[in-house]
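Coordinate inspection notes
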Amino acid sequence: MATIETLPRKRETIEQAVIRFAGDSGDGMQITGSQFTNTAAMLGNDLATFPDFPAEIRAPAGTLPGVSGFQINFSSRDVFTAGDAVDVLVAMNPAALATNVADLKPGGILIVNVDNFKEVDLKKAQAKTNPLEDHSLDGYRLFPVELTKLTRLALRDLGLDAKSMDRCKNFFALGMCYWLYNRPMDHTYKWLDEKFGSKPVLAEANKLAMKAGYAYCDATEAFQVRYEVPAAKLEPGLYRNISGNSALALGFVAAARKAAIPLFQGSYPITPASDILHELSMYKEFGVMTFQAEDEIAAMTSAIGAAYGGALAITTTSGPGMALKMEAIGLAIAVELPIVICDIQRGGPSTGLPTKTEQADLLQALYGRNSEAPVPVLAAATPGDCFWMALEASRIALKYMVPVIILSDGYLANGAEPWKIPALEELPEIPVKYRTEREGFMPYSRDPNTLARPWAVPGTPGLEHRIGGLEKQDVTGNVNYEPLNHERMVRLRAAKVAAVVQDVPDVVPAGDPDGDLLLVGWGSTFGPITAALGAQRARGRRIGHVHLRHLNPLPKNLGEVLKRYRKVVVPEMNLGQLLWVLRAKYLVDAEGLNKIQGKPFKQSEVEAKIEETLREIR
Amino acid sequence: MTTTLPVYTKKDFQTDQEVRWCPGCGDYAILSAVQSVFPELGIPKEKFVVVSGIGCSSRFPYYMNTYGFHTIHGRAPAVATGLKLTRPDLEVWVATGDGDALSIGGNHTIHMIRRNVGLKVLLFNNKIYGLTKGQYSPTSEMGKKAKSTPYGSVDRPFNPLSLALGAEATFVARSVDVFQSHLKATLKRAAAHQGTAFIEILQNCNIFNDGAWENLTERDVRDDNTIAIEHGQPLVFGKNKDKGIRMDGLDLEVVALGNGITEKDLIIHDERHLNPAYAFLLSRMDGTPGFPTPLGVLRAIDAPRYEAGMNEQVRLAIQKKGQGDLTKLLRAGDTWEVR
């Protein structure tokens, strides 16, 4: 293990810490955060991260819109959120300071790069006075560090130009944080060696900068305390860090393998879904075919073509892309082909907030198509859950011959958590059978249990038949405009989706099985709701939490569970879309907790709503 | 292993569905030609798939006793692409129209052509919207008076062949609904082509745009107004085969044969010419006063096909890395054991 001799310091063991690295979008804050995250994971901490970056690739340097941040909450206990407030803020310039300091805890550690606090930098950040001098930071433990100068000093013998040297200053900051939390650096050494294999001098430069940051903390007497965050007690097993997008990609590869059919992805690049395409395009040895289509519509319709041919077909997008796919999803419903559509939600409407999270596509997923066009809708609760949702959606699509929508969001997509790697035996079976028997073949005959029609793929002798978007005659699939046939087909398609409920497990509330208040959530609000539930129950509140992973059809017993509590609150990152569904379906007087800021809920926000609601009913 | 293919007849490719095109529609002739050609291609019937979009022409799959998919407006090329990429063993034909392929589906059309996906595309061009009952189309001539343009259209039309060639189509041909033997021969050429085979079929809509092509099809004028081009043959046309096309600087010129001008002075048609500019020049003769409209195969070259490249990448990856190991994939990257 690479160690550096350290001066004796006071050591303090703490349960948990939150660090945020904030800088210009060119400062490498995402890499810095990821490195700290991976090291924390290797040390056995439970953790959650929240990368927060601008939509612009390089907004003007030093400006407020150009600030990129990465927050990590690591702990020796279970972690459910990236943390409400931060213990350590690293601010690489005045803009990063201005946009992030409000989240720093009183008395928190604030490390700033003073080299970037010149008049011109302050002006870019629209600061009227220098915050390092105007006493506005008096409530924090401020550590002004000459990060740029010290990094250049550390690298002076490598013969790099100033620009290349300055690119390493984020690793100086990383080294400081490693010192502060007594973390080994070898994991990052290894990563640097791999990343800069062909340019060893850059690996060396970053290592030197990191070591310099570490040594700086050691040598200066400013830092009096080092913290220890021991390993968490996670369920035994083999772990890795995983983001939601990565988990979806792996889940689909696993689903195709379990179904023993090829995986086809039609996709058009869109934030924050593109990483799924990037990742799946690497897995060709699994027979995965990725197709970067000319637009969102072609992404969906090419998937329909692939499903028609017998592949496990998926398409991945975000809200604006969903809007474009809707007509084609209607076609997939009419021709009853299995396709999984992933909507990685972001702030809207229109282009909205491409890199920020939101949950406002629920009603679009449920009802966004012309006519009566229901589909099963699933929602992943955590980054790791995205893996299981990919399998579940594929299983339902193939079993019922129906398009299925998975809702994820920007927070799940980019956020990471330790994920217990499942053994292959733990994966669900996904049996697939193409129709080959000619005897009695009808394109729209149905399985009595699932109402699925047969999957008769082109190339099968004797089963030549025609399908399309025009209304079908029941059983034969011939074009048919008769009034009663149409109503029958509308009802059949709806009944088929409703039949999926037989595969939806009953909900079992977390916390109290009945009581004063039930929190009902879906998607990425799982973390803050779970954290708030634990804290409030510890204070003796009688509350429960149901987190819906199946949003259509809803679990059979949900209506009964809702009635067991005096009050129902639905926290959502929208104006109350699940709330609307629950009120309509169950006639329950539920209330919403709504936040539409492109940011996940804080635990404290959910707790405040719990307290307020309980006060009202008392 | 020897497998004998059943001997097919035209009847094998007819369905029991009542054909719902208007009596007298040019689509009947196209359907008949395709049903005649398919049995002769030596391909098992179950391998044929006909994919269409929306419009009169897109009802085509219902009348073909093959696998068929009537999709949504403009999207047939994209559906067919997804099918062909995953199932390169299939023989996928796309039936589309001027509105379907060039208006609402224009984007998919050019990208299908650009990728050179192995699809055969039959573009029925009747220069009108039929199924929506008589609006002008992107191939309607400027000034077209139709339901939505009572004062005449004010936009310039697309020339489908020029558009396909602009996207560097590897096979571009044109035929006419009523020229049955020419149409069948052209379909056979398309069937043999690897890559996207794009055929514009001039088709008469006798209800909303009757006679749109009669200056090309009527017996007394057709030989003067069209030119049947053939690979390796000089560009000669006219009732008496007395006119030809030759180069004039960067343009084409119509000349009368005789008076010292012989076939040697004319362009010898080369469908394999690599530069699409040549075929593009031919396509621009349409509507140029004094010039004939070209029929036949303008261009037929070999080029990489998307589905071949994609499947080759998969094959090579498996060859190099072995069949993907799921356990290894899930455990890739940094892992740690919690005890």
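Remember, predicted model here, so these are calculated numbers, not experimental data.

1. As for the nonpolar core
Counting residues in hydrophobic clusters, the biggest one holds 164 residues, and the most contacted among them are Leu337 and Leu548 of chain A together with Phe69 of chain B. In this structure, Leu548 of chain A is in contact with Ala379, Val507, Val520, Gly521, Trp522, Gly523, Leu554, Pro555, Leu558 and Leu578 of chain A, ignoring residues within four places of it in sequence. Of all hydrophobic cores here, the second largest spans 54 residues; its members include Ala17, Ile109, Cys168 and Cys217 of chain A.

2. Things to note about the interface of chain A and chain B
Listed per partner, the contact involves 72 residues of chain A and 57 residues of chain B. Taken as a group, Glu285, Glu294 and Arg466 of chain A account for 13% of the area that chain A buries against chain B, more than any other trio of residues on that side. In this structure, the connection of chain A to chain B is made through 3 salt bridges. Ionic pairing is found between Arg115 of chain B and Glu294 of chain A, a salt bridge with its closest N-O pair at 2.8 Å. At the junction of chain A with chain B, the criterion picks out 28 residue pairs in polar contact (both at pLDDT 80 or more). The leading source of residues in the side of chain A that touches chain B is helix α11 (residues 296–308) of chain A, at 8 residues. Among the residues making up the side of chain A that touches chain B, the classes are represented as 43 nonpolar, 18 polar and 11 charged. As defined by bridge partners, strand β9 (residues 237–243) of chain A adjoins strand β14 (residues 335–338) of chain B across 4 bridges and the pair is classed as antiparallel. In the sheet register, Arg240 of chain A faces β14 of chain B, and the bridge partner there is Thr335 of chain B.

3. Comments concerning the domain arrangement of chain B
Residues and elements named next belong to chain B. On domain assignment, one finds that chain B holds domain 1 (10–231 + 269–308) and domain 2 (234–268). Each of domain 1 and domain 2 has a C-alpha centre, and these two points are 28 Å apart. With 15 residues of domain 1 at the interface, the matching set in domain 2 holds 15 residues. Across the domain 1/domain 2 interface, buried area totals approximately 1,200 Å², and carbon plus sulfur atoms make up 68% of it. At the junction of domain 1 and domain 2, the tally comes to 1 salt bridge. For Lys243, the salt bridge identified is with Asp224, shortest N-O distance 3.2 Å. Connecting domain 1 to domain 2 are 5 residue pairs in polar contact (both at pLDDT 80 or more).

4. Describing the packing of aromatic side chains
Applying the stated criterion to the full structure yields 29 aromatic pairs over all chains. Ring centres of Phe387 of chain A and Trp388 of chain A lie 5.1 Å apart, and the angle between their planes is 90°; on these two criteria the pair is classed as edge-to-face. The class of Trp388 of chain A is partly exposed, set by a relative accessible area of 26%. Here the aromatic rings of Trp21 of chain B and Phe60 of chain B are separated by 6.2 Å at their centres, their planes lie at 40°, and the arrangement is tilted. Of this pair, Trp21 of chain B sits in the segment before α1 (27–37) while Phe60 of chain B sits in the loop between β1 (48–52) and β2 (67–70); the two residues are 39 residues apart in sequence, bridging distant segments of the chain. Each of the two residues, Trp21 of chain B as well as Phe60 of chain B, counts as buried. In this structure an aromatic cluster arises from ring pairing among Phe21, Phe36, Phe74, Tyr178, Tyr181 and Tyr227 of chain A. Lys195 of chain A extends its terminal NZ or CZ atom over the ring of Phe196 of chain A, reaching a point 5.7 Å from the ring centre. Just above the ring of Trp213 of chain B sits the side chain of Lys127 of chain B; from NZ or CZ to the centre is 4.5 Å.

5. What to know about the domain arrangement of chain A
Residue and element names in this part refer to chain A. Each assigned domain of chain A is listed with its residue range as follows: domain 1 (10–228), domain 2 (240–426) and domain 3 (510–617). Averaged C-alpha coordinates put domain 1 and domain 3 at centres separated by 36 Å. At the junction of the two partners, domain 1 supplies 6 residues and domain 3 supplies 9 residues. Summed over both sides, the interface of domain 1 with domain 3 buries roughly 650 Å², with 63% coming from carbon and sulfur. There are 1 salt bridge connecting domain 1 and domain 3. A salt bridge links Lys602 to Asp103; its shortest N-O distance comes to 3.5 Å. Counting every contact that joins domain 1 to domain 3 gives 3 residue pairs in polar contact (both at pLDDT 80 or more). Residue composition of the side of domain 1 that touches domain 3, grouped by class: 2 nonpolar, 1 polar and 3 charged.

6. Regarding the pattern of salt bridges
Residue and element names in this part refer to chain B. A full pass over the atoms with the stated rule returns 53 salt bridges over all chains. With a shortest N-O distance of 3.7 Å, Lys144 and Glu141 are connected by a salt bridge. Notably, a salt bridge pairs Arg305 with Glu307, separated by 3.3 Å at the nearest N-O pair.

7. A look at the state of the cysteines
As used here, a disulfide is simply a covalent bond connecting the sulfur atoms of two cysteines. Residue and element names in this part refer to chain A. Inspection of every chain in the model, using the stated rule, returns 0 disulfides over all chains. For Cys168, which is in no disulfide, the shortest distance to another cysteine sulfur is to Cys177 and amounts to 17 Å. Judged by its relative accessible area of 2%, Cys168 falls in the buried class.

8. What about helix α9 (residues 276–283) of chain B?
Residues and elements named next belong to chain B. Of all the residues in α9, the buried ones are Pro276, Tyr278, Ala279, Leu282 and Ser283. Along the axis of α9, the buried positions cluster into a sector of 155°, meaning they face one direction only. Residues of α9 that are buried make contact with α5 (160–166), β9 (226–229), β12 (251–256) and β13 (293–300). Capping the start of α9, Asn275 holds a side-chain oxygen 2.9 Å from the backbone nitrogen of Ala277, two or three residues further along.

Cut-offs used in this document
Residues numbered from 1 in each chain as written. Chains lettered and ligands numbered in written order. Predicted model: local features only at pLDDT ≥ 70, side-chain atom pairs only at ≥ 80, totals over all residues. Heavy atoms only, no water. Core = buried A, V, L, I, M, F, W, Y, C linked by side-chain atoms within 4.5 Å. Buried < 20%, exposed > 50% of the residue type's maximum accessible area, 1.4 Å probe, protein only. Contact = heavy atoms within 4.5 Å. Buried area = accessible area lost by both parts, 1.4 Å probe. Salt bridge = Lys/Arg side-chain N within 4 Å of Asp/Glu carboxyl O. Polar contact = N/O pair within 3.5 Å; in protein donor to acceptor, adjacent residues only side chain to side chain. Helix = DSSP H or I, 4+ residues; strand = E, 2+ residues; numbered from the N terminus. Nonpolar A, V, L, I, M, F, W, Y, C, P; charged D, E, K, R; others polar. Pairing = 2+ DSSP bridges. Domains from an automatic or database assignment. Phe/Tyr/Trp six-rings, centres within 6.5 Å; stacked < 30°, edge-to-face > 60°. Lys NZ or Arg CZ within 6 Å of the ring centre and 35° of its normal. Disulfide = S-S within 2.5 Å. Arc of directions from axis to C-beta.

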